[in-house]
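Spelled out, the chains give:
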Amino acid sequence: MRYFLDAEYNGFGGELISLALVPEDERQAPFYEALTCPEPTEWVTEHVLPVLGTKPIDRVEMAHRFAEYLTDDPAPLLVADWPEDIAHAARLLVVGPGRMLPIRSLRFELVDPNIMGPGEPAEVPHNARHDASALRAMVLDYERRTR
């Protein structure tokens, strides 16, 4: 199944703050978790932290929840509109030197929203869950229009 991915992080190249996967199938619950951000940039303090909407957990717990969320899907495909979101999702599976959480298979797809045309803005901008939902809507709308 496809999952639409978004991540928030602490400035350009910064540490992960939150990550969301919104399944293509609306009947399935999304994944959304956040981490503490001890030294946020000014922009993150103003725009990301106030809209987290979930209690931050530690990275190890987030990693385990992420892998567990995808465990029952034999061929998950994570669709993102920004390369760094993919990098953060992949790095989340790394739990130590030479160690990653077990996962059967995981594929990534990068889409360019500028090619798809304007989508509806997220209900809560800079919240990974809402941004992933907006990405889902934009991609599915684009696919309907171009079939």
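Remember, predicted model here, so these are calculated numbers, not experimental data.

Procedures and definitions
- Residues numbered from 1 in each chain as written.
- Predicted model: local features only at pLDDT ≥ 70, side-chain atom pairs only at ≥ 80, totals over all residues.
- Heavy atoms only, no water.
- Helix = DSSP H or I, 4+ residues; strand = E, 2+ residues; numbered from the N terminus.
- Buried < 20%, exposed > 50% of the residue type's maximum accessible area, 1.4 Å probe, protein only.
- Salt bridge = Lys/Arg side-chain N within 4 Å of Asp/Glu carboxyl O.
- Phe/Tyr/Trp six-rings, centres within 6.5 Å; stacked < 30°, edge-to-face > 60°.
- Contact = heavy atoms within 4.5 Å.
- Pairing = 2+ DSSP bridges.

Participant: I'd love a proper account of unusual backbone geometry, names of residues and values included.
Facilitator: Positive phi values are uncommon outside glycine, yet His126 reaches one of about 70°. Along the chain, His126 turns up in the loop between helix H4 (113–116) and helix H5 (128–146). By relative accessible area, which is 28% here, His126 ends up partly exposed.

Participant: Outline the pattern of salt bridges, listing residues and values.
Facilitator: Counted under the stated rule, the structure contains seven salt bridges. Here Arg136 ties to Glu26 by a salt bridge, and the two come within 3.5 Å at their closest N and O atoms. Separated by 110 residues along the polypeptide, Arg136 in helix H5 and Glu26 in the loop between strand S2 (16–23) and strand S3 (31–34) bring together distant segments of the chain. Residue Arg136 is classed as buried on the basis of its relative accessible area of 13%. The exposure class assigned to Glu26 is exposed, which follows from its relative accessible area of 66%. Two residues, Asp141 and Arg145, come together in a salt bridge whose shortest N-O distance is 2.9 Å. Here Arg145 and Asp141 lie together in helix H5, a separation of four residues that amounts to about one turn.

Participant: Explain the packing of aromatic side chains to me, and be specific about the residues and the numbers.
Facilitator: In this structure the tally under the stated criterion is three aromatic pairs. Between Tyr3 and Tyr69, the aromatic rings sit 5.8 Å apart at their centres with planes inclined by 70°, giving edge-to-face as the arrangement. Here Tyr3, found in strand S1 (residues 2–9), pairs with Tyr69, found in helix H2 (residues 59–70); they are 66 residues apart in sequence, far enough to count as distant. Here Tyr3 falls in the buried class, since its relative accessible area comes to 3%. On the accessibility criterion, Tyr69 (22% relative accessible area) is partly exposed. Aromatic side chains Phe31 and Tyr69 sit 5.6 Å apart centroid to centroid with 50° between the ring planes, which places their arrangement in the tilted category. Of the two residues, Phe31 is situated in strand S3 and Tyr69 in helix H2; the sequence distance between them amounts to 38 residues. Among the aromatic residues, ring-to-ring pairing joins Tyr3, Phe31, Phe66 and Tyr69 into one connected group.

Participant: I'd like to hear about helix H3 (residues 83–92), residue by residue, with values.
Facilitator: Along H3, the residues that are buried comprise Glu84, Asp85, Ile86, His88, Ala89 and Leu92. Residues of H3 that are buried make contact with S1, S2, H2, strand S4 (77–80), strand S5 (94–96) and strand S7 (107–110).

Participant: Tell me what's going on with the pairing of S1, and back it up with residues and numbers.
Facilitator: The buried fraction of S1 is high, at eight of eight residues. Both faces of S1 are covered, namely the face carrying Arg2, Phe4, Asp6 and Glu8 and the face carrying Tyr3, Leu5, Ala7 and Tyr9. Here three bridges tie S1 to S4, and the two strands are oriented parallel to one another. Its bridge partner lying in S4, Phe4 is registered against Val79. Pairing of S1 with S2, which is carried by seven bridges, proceeds in the antiparallel orientation. Looking across to S2, one finds that Tyr3 is bridged to Pro23. Joining the antiparallel neighbours S1 and S2 is a turn of six residues, in which Gly11 adopts a positive phi near 80°.

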